[in-house]
Amino acid sequence: MSDIGYYIIIMERKIKFASGEYYHIYSRTILNIPEFKNHKHAEKLAHAFLIANSTKSSEAFQFLRNSKKPKIEEILNILKDGERLVDILCYSVMPDHYHLLLKQQRENGITDFIRRCNTSIAKYINTKNERKGPLFESNFKSKHVDTNEYLLHLSLYIHLNPLDFMVGKKWRNHDIKNWNIAKEKLLHYPWSSIKSFLQNYDDPIISGIKIITKQFKHKKDYEQFLQEWSENSLKSIENILID
């Protein structure tokens, strides 16, 4: 049985992804199993975001399997000889799902990227757990990001999402009482792109973020936008959420 058939089935989609366009991608584990509460599993998924995003990903995954102590620089050298499938502008890994804000760079780039990510992490977890079968629901969810307002608010929504398991979902009801505590929790969470937006942090996973960051004079302005969003109503963007 092929990797696609064995680990994940990506069904024919109603939406055809267009190169140059932005999309919110959301993939959930079967039965909401919280596989990514395991920090090693979350780390491996983040690695998959990096390695799967290249036409040279097969070579990079092979190198990873065959090397006892592979260095990130060696993997990046392999990947840079290929072309990106997508730009990953924002990401967050949750206990039973993940969110991505992607821009498709090549034809079928998003579908190929998600297939490679989900297949890679499913193989890893299945091997560790001595199990077989798919890890994720059969079809990941997606939504076209068709306005700048959607783009900006989606970046914030993805970055705030880990607060669900850190402080509860009260942030969704604009009820964060102490922003500084929430911010510190977010910045100490390793499997999110938020540090690249709030600090001088170079995350090799992400690219193409200037379409968002150039709209804020300083990183502090983006933080203020995020803070105000967590303390005010989400009603204006309820229609963009897919979880």
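In case you missed it, the structure is sitting above this.
Since the model is a prediction, treat every value here as computed from it, not as a measurement.

Draft legend 1. Quick peek at the layout of surface pockets. Here the largest pocket is characterised by a volume of approximately 600 Å³. Taken together, 20 residues form the lining of the largest pocket, with F61, R65, T119, S120 and K123 sitting closest to its centre. Residue assignment for the lining of the largest pocket shows that the elements contributing at least two residues are α1 (3–7), α2 (39–51), α3 (57–66) and α5 (109–129). Of the residues forming the lining of the largest pocket, the biggest block, 9 residues, is contributed by α5. Estimated volume of the second largest pocket: approximately 350 Å³. In terms of lining, the second largest pocket is formed by 21 residues, of which the most central are E43, A46, H47, L50 and I72. Broken down by secondary-structure element, the contributors of at least two residues to the lining of the second largest pocket are α2 and α4 (72–79).

Draft legend 2. Fine view of the packing of aromatic side chains. Under the criterion given, the structure shown has 12 aromatic pairs. On the basis of an interplanar angle of 10 degrees and a centroid distance of 6.2 Å, the ring pair of F17 and F140 is categorised as stacked. Here the residue F17 occupies a position in the loop between α1 and β1 (22–28), and F140 occupies one in the loop between α5 and β4 (141–145), the gap between them amounting to 123 residues. Judged by relative accessible area, F17 falls into the buried class, the value being 10%. Classification of F140 by relative accessible area gives buried; the value is 3%. Residues F49 and Y91 carry aromatic rings whose centres are separated by 5.7 Å and whose planes lie at 65 degrees to one another, so their mutual orientation is edge-to-face. Taken as a pair, F49 in helix α2 and Y91 in strand β2 (residues 86–93) lie far apart in primary sequence, 42 residues in all. Y91 shares its class with F49; the two are buried. Clustering of aromatic rings is evident, with ring pairs tying together F36, F49, Y91, Y98 and F136. K195 extends its terminal NZ or CZ atom over the ring of Y201, reaching a point 5.3 Å from the ring centre.

Draft legend 3. Inspection of the sheet that holds β1 at higher detail. Strand order in the open sheet formed by 4 strands is β2-β3-β1-β4, and the pairing between neighbours is antiparallel. Since the sheet does not close on itself, it has two edges, and those belong to β2 and β4, each with one partner. Direction aside, neighbouring strands of the sheet carry axes that sit 20 degrees apart on average. Where β2 meets strand β3 (residues 97–104), 7 bridges bridge the pair, whose relative direction is antiparallel. Bridging across to β3, C90 finds its partner in L101. Against the sheet, α5 touches β1, β2 and β3, its axis set at about 150 degrees to β3.

Rules of the game
Residues numbered from 1 in each chain as written. Predicted model: local features only at pLDDT ≥ 70, side-chain atom pairs only at ≥ 80, totals over all residues. Heavy atoms only, no water. 1 Å grid on protein atoms, 1.4 Å probe; cavity = no way out; pocket = protein on both sides within 12 Å on 5 of 7 lines; lining within 4 Å. Points joined across faces, edges and corners; volume = space filled by probe spheres on them. Helix = DSSP H or I, 4+ residues; strand = E, 2+ residues; numbered from the N terminus. Phe/Tyr/Trp six-rings, centres within 6.5 Å; stacked < 30°, edge-to-face > 60°. Buried < 20%, exposed > 50% of the residue type's maximum accessible area, 1.4 Å probe, protein only. Lys NZ or Arg CZ within 6 Å of the ring centre and 35° of its normal. Pairing = 2+ DSSP bridges. Axes fitted to C-alpha atoms, helices over the stretch in contact; angles between N-to-C directions. Contact = heavy atoms within 4.5 Å.

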